[in-house]
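In case you want the letters, here they are:
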Amino acid sequence: TVSSPGTLGGALLLAALATTTLGCALTSKSEPLAPRYFSPERGGEGDAAGAPVNASALELRLGRVTGASYLDERLVYRDSRYELGYYQERRWTEEPARYLARRLARVLFEQRGIRQVVGGAAPTLEVELTAFEEIRAPSPIVRVGVVVKLHDQRVVRWAETLTVEQPIVVKAGGDLPDATVEALAAALRGAVDRIADRVLLELAASPPAEPGAGPGRPGR
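The following refers to the structure shown. (Residues numbered from 1 in each chain as written. Predicted model: local features only at pLDDT ≥ 70, side-chain atom pairs only at ≥ 80, totals over all residues. Heavy atoms only, no water.)

Remarks on the overall build of the protein chain
Within the protein chain, the regular secondary structure consists of 3 helices and 8 strands. The 220 residues of the protein chain split such that 34% are buried. Counting only carbon and sulfur atoms, one obtains 54% of the accessible surface of the protein chain, whose full area is about 13,500 Å². (Helix = DSSP H or I, 4+ residues; strand = E, 2+ residues; numbered from the N terminus. Buried < 20%, exposed > 50% of the residue type's maximum accessible area, 1.4 Å probe, protein only. Areas by Shrake-Rupley, 256 points an atom, 1.4 Å probe, with all protein chains shown as cover.)

Structure below.
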């Protein structure tokens, strides 16, 4: 079969265009990802605090504060109950469990006045962060979930799963990522305050035994 000059010329033109397009695709560079880094901690801004009466007589060890394996430096969102995603351009400065640990230590030992135990037998608080996420539908909210366990050398005194939700409110001149982080910070504070309130009740109901007291040897 003999191709006409017009057909041959058209084929050569298409081949040239395809080669040019492929070359541009190979040599062009996509825009580099520039993450934004966030923290739910308010640097330098203190909270109003008032230690309850006799809180200094209560003792507590802060045990392990961990996070679910999927909670890393990337901000998490949900569009359904069963599926989650990550914002690749929005990052925490640390894993969220670290924020929780610092907040617990500050509220329990600095604000509430509980004495922190670092050695020997004492009631121990262990906490796992199970949710720290934005929920985009049906309405924009955030959710913080924690599993809490307070135990001593024998029994678990208190165990509970706590969930705190907070609406996302974008202020005038603000943007959604900032509003999301602000809502998560408020939800985290709410969860820690609930934990601290219950810990105080449990410790006050079972004060520590005096040194030397043991089975069959009640303290004076």
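Thoughts on the environment of Val76
Along the chain, the position of Val76 falls in strand S3 (residues 74-78). For the pair formed by Val76 and Glu133, sequence separation is 57 residues and the distance between their alpha carbons is 5.0 Å. Those residues in contact with Val76 that lie beyond four places of it in its chain are Tyr70, Leu71, Leu84, Gly85, Tyr86, Phe132, Glu133 and Glu134. (Contact = heavy atoms within 4.5 Å.)

Re the side chain of His151
Within the element layout of this structure, His151 appears in strand S7 (residues 141-151). Within the local environment of His151, its side chain forms a polar contact with the side chain of Glu126, the two groups lying 3.5 Å apart. Among all residues touching His151, those that are not within four sequence positions of it are Ala122, Pro123, Thr124, Glu126, Val156 and Arg157. (Polar contact = N/O pair within 3.5 Å; in protein donor to acceptor, adjacent residues only side chain to side chain.)

Notes on unusual backbone geometry
A cis amide bond, omega 0°, links Ala137 with the succeeding residue Pro138. Secondary-structure assignment places Pro138 in the loop between strand S6 (124-135) and S7.

Describing the packing of helix H2 (residues 96-111) against helix H3 (residues 176-205)
Where H2 meets H3, the closest approach of the two axes is 10 Å, and the angle between their N-to-C directions is 45°. With respect to H3, the axis of H2 lies oblique. Here H2 and H3 pass one another in a crossing that is right-handed. Taken together, the residues of H3 that come into contact with H2 (itself represented by Tyr99, Leu100, Arg103, Leu104, Val107 and Leu108) are Leu188, Arg189, Val192, Asp193, Ile195, Ala196 and Val199. Partitioned by chemical class, the residues of the contact of H2 with H3 number 10 nonpolar, no polar and 3 charged. (Axes fitted to C-alpha atoms, helices over the stretch in contact; angles between N-to-C directions. Parallel < 35°, antiparallel > 145°, perpendicular 65-115°, else oblique. Left-handed = near helix turned anticlockwise from the far one by under 90°. Nonpolar A, V, L, I, M, F, W, Y, C, P; charged D, E, K, R; others polar.)

Comments concerning the pattern of salt bridges
Per the counting criterion, the structure on display carries 17 salt bridges. As a salt-bridge pair, Arg74 and Asp72 come within 2.9 Å of each other at their nearest N and O atoms. Judged by relative accessible area, which is 23%, Arg74 ranks as partly exposed. Classification of Asp72 as buried rests on a relative accessible area of 19%. Through salt bridges that share partners, Arg78, Glu133, Arg143 and Glu165 make up one connected network. (Salt bridge = Lys/Arg side-chain N within 4 Å of Asp/Glu carboxyl O.)

Focus on the packing of aromatic side chains
A full pass over the atoms with the stated rule returns 3 aromatic pairs. A ring pair is formed by Tyr77 and Tyr87, whose centres lie 4.7 Å apart and whose planes are at 45°; its orientation type is tilted. Placement of the pair is Tyr77 in strand S3 and Tyr87 in strand S4 (residues 84-92), with a sequence separation of 10 residues. With a centroid separation of 6.0 Å and an interplanar angle of 70°, the aromatic rings of Trp92 and Tyr99 are classed as edge-to-face. Given the relative accessible area of 2%, Trp92 is considered buried. With relative accessibility at 1%, the residue Tyr99 sits in the buried group. Cluster of aromatic residues (ring-pair linked, three or more members): Trp92, Tyr99 and Phe132. Taking NZ or CZ as reference, Arg90 lies 3.9 Å from the ring centre of Tyr87, over its face. Positioned above the aromatic ring of Tyr77, the side-chain terminus of Arg136 is 3.7 Å from the ring centre. (Phe/Tyr/Trp six-rings, centres within 6.5 Å; stacked < 30°, edge-to-face > 60°. Lys NZ or Arg CZ within 6 Å of the ring centre and 35° of its normal.)

Any link to function would need more than the numbers given here.
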